[in-house]
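Coordinate inspection notes
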Amino acid sequence: MDRKKILKWCGMFFAAMLIFTVVSRAASSISVAQVETGKIQNQTVSHIVRGSGRVEGTKERAVFALENQLVAQVLVREGQTVKKGETLLVYSVKQMKEIIREKEDEIQELTLQIGDLESQAQMKKEAKDRALRRAQEDYNIAAGNGGVNISNAQRALEAARQKLEDYYASLSSDFTDEPVDKTQEQALLDEIRMCQEAIDQAVMSRDQDKLAARRGIEDAGVEESRDSTVENVKRELAQAQEELEKLNKILKRKGRVKAPADGVVKSISAVTGSMTGKDAAMVLYETTGTFHVETTVSAEEIKYVQTGEKAALTGADGIEKTGIIEAVGETEENQELRKISIAVSDADFRIGENVNFEISREEGPYSACVPLGALGEENGKNFVYVADTQETVLGEVLVARKVQVDVKNKNTSIAALEEGILAADQRIITYSDREITDGSRVRLMEP
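First things first, this report covers the structure right here in the doc. Model, not experiment: these values are computed from the prediction.

The relation between two aromatic rings is expressed through the spacing of the ring centres and the mutual angle of the planes. Within this structure, the stated rule accounts for one aromatic pair. Seen from their ring centres, F383 and Y385 are 5.4 Å apart, and the 75° between their planes marks the pair as edge-to-face. Since its relative accessible area comes to 10%, F383 is described here as buried. Taking relative accessible area as the criterion, Y385 reaches 12% and is therefore assigned buried. The ring of F383 has K402 lying over it, and the distance from NZ or CZ to the ring centre is 4.6 Å.

A few words now on a positive patch on the surface. There is a patch of like positive charges on the surface, built from R253, K254, R256 and K258. With respect to the helices, strands and loops of the structure, K258 is situated in strand β7 (residues 256-258).

Here the focus is the pairing of strand β10 (residues 290-298). Judged from the four bridges that link them, strand β2 (residues 41-57) and β10 form a sheet pairing that is antiparallel. Note that in β10 the partner of V55 across the bridge is V293. As paired strands, β10 and strand β13 (residues 337-345) are joined by nine bridges and run antiparallel to one another. Bridge pairing links H292 to A343 in β13.

Mapped onto the secondary structure, N382 falls in strand β16 (residues 381-392). Look at N382 and you get buried, because its relative accessible area is 19%. At 3.5 Å, the side chain of N382 forms a polar contact with the backbone oxygen of G376.

Calculation criteria
- Residues numbered from 1 in each chain as written.
- Predicted model: local features only at pLDDT ≥ 70, side-chain atom pairs only at ≥ 80, totals over all residues.
- Heavy atoms only, no water.
- Phe/Tyr/Trp six-rings, centres within 6.5 Å; stacked < 30°, edge-to-face > 60°.
- Buried < 20%, exposed > 50% of the residue type's maximum accessible area, 1.4 Å probe, protein only.
- Lys NZ or Arg CZ within 6 Å of the ring centre and 35° of its normal.
- Patch = residues over 30% accessible without salt bridge, like charges linked within 9 Å, V, L, I, M, F, W, Y side chains within 5 Å.
- Areas by Shrake-Rupley, 256 points an atom, 1.4 Å probe, with all protein chains shown as cover.
- Salt bridge = Lys/Arg side-chain N within 4 Å of Asp/Glu carboxyl O.
- Lys, Arg positive; Asp, Glu negative; His and termini not counted.
- Charge placed at Lys NZ, Arg CZ, Asp CG, Glu CD.
- Helix = DSSP H or I, 4+ residues; strand = E, 2+ residues; numbered from the N terminus.
- Pairing = 2+ DSSP bridges.
- Polar contact = N/O pair within 3.5 Å; in protein donor to acceptor, adjacent residues only side chain to side chain.

Structure follows, in structure tokens:
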């Protein structure tokens, strides 16, 4: 083979090799994933809680109706704005007149009852005073009669003693030797003893009569148990008179119940055709002061909501305004939800208006943040892919390497990783046009 042929075949060989290399690289570039990479960033993680709610008043005003009144018509609805003095509902005038007549009869009956009770009380008092007076008289009589009886008995005793002395004197003047008759002496001694017993009996009788009379005084002077019947009936009378006065005032207004202040109707319990009860007929929100938006968020979102922080609110006019989170709490109906209350100004919103809110909370900064798309999860563990350079027979190529990471915080776009796992100059794969695994070849997307 001459020299020219050898050179020809060598040229053809190298040309084929070049073609095969180009084709091989082209085929490889088609099968290799194209990726975008980035480096860890020092960023804050923003958490945004969004929702909607309804503006409500904070100052409520209850409108009470008289009990047992027939509601002829309710003239307002919930959420309606009313002015002070505006008619809210109307009672049945016919039924009111019947109640007024019954109330007047009740007042008359109570007045007569009070008169009877007071008359009975006066009679009892007079009887008690009379019994006490007579008991005192009985005591005085018992004391006086007892003293007289004792005095009479004492005089009889003195007379009997004098008789005995006279008897002894007559014996001493008689000097006969005849034996002395003891019968007369014994009779005189018996008389003295009887007089002494009479005195004792008189003293005992006087003391017993005085004791009985004193007890009569004590019994007559005992205070009787307090009888509050008159006071109770008087209170019933005063209440009936007050109710009659209210009924007459409302009747003059033709049964109309009016709004006590400017406000918005929060709730209505009165129903046309029904009787009123003890509860408020309706409740108004006064249209002055601070309002609030009552709404709910998920139990997961509540950790980003804190009292005292600001919330952005947008109403029907589309203009963003600011409110303050005033309360956070649990809901009784759903354990997966939490309720929040946002205070707003009455100058910015009106009661009953529906508003959208947005609560933003910044956390960080964190020194190792990556796009959320770079974060993967497998078997409950998080990882990212980094693009490493690797030497091959075809030269340097990029290979995806899986790196386990710990997530400190994340939102819908950013994940903050534990520091020290990734180096600041490492290329983190943030996007791939196809699925990759640990060790997959990759190539950078063309700019």
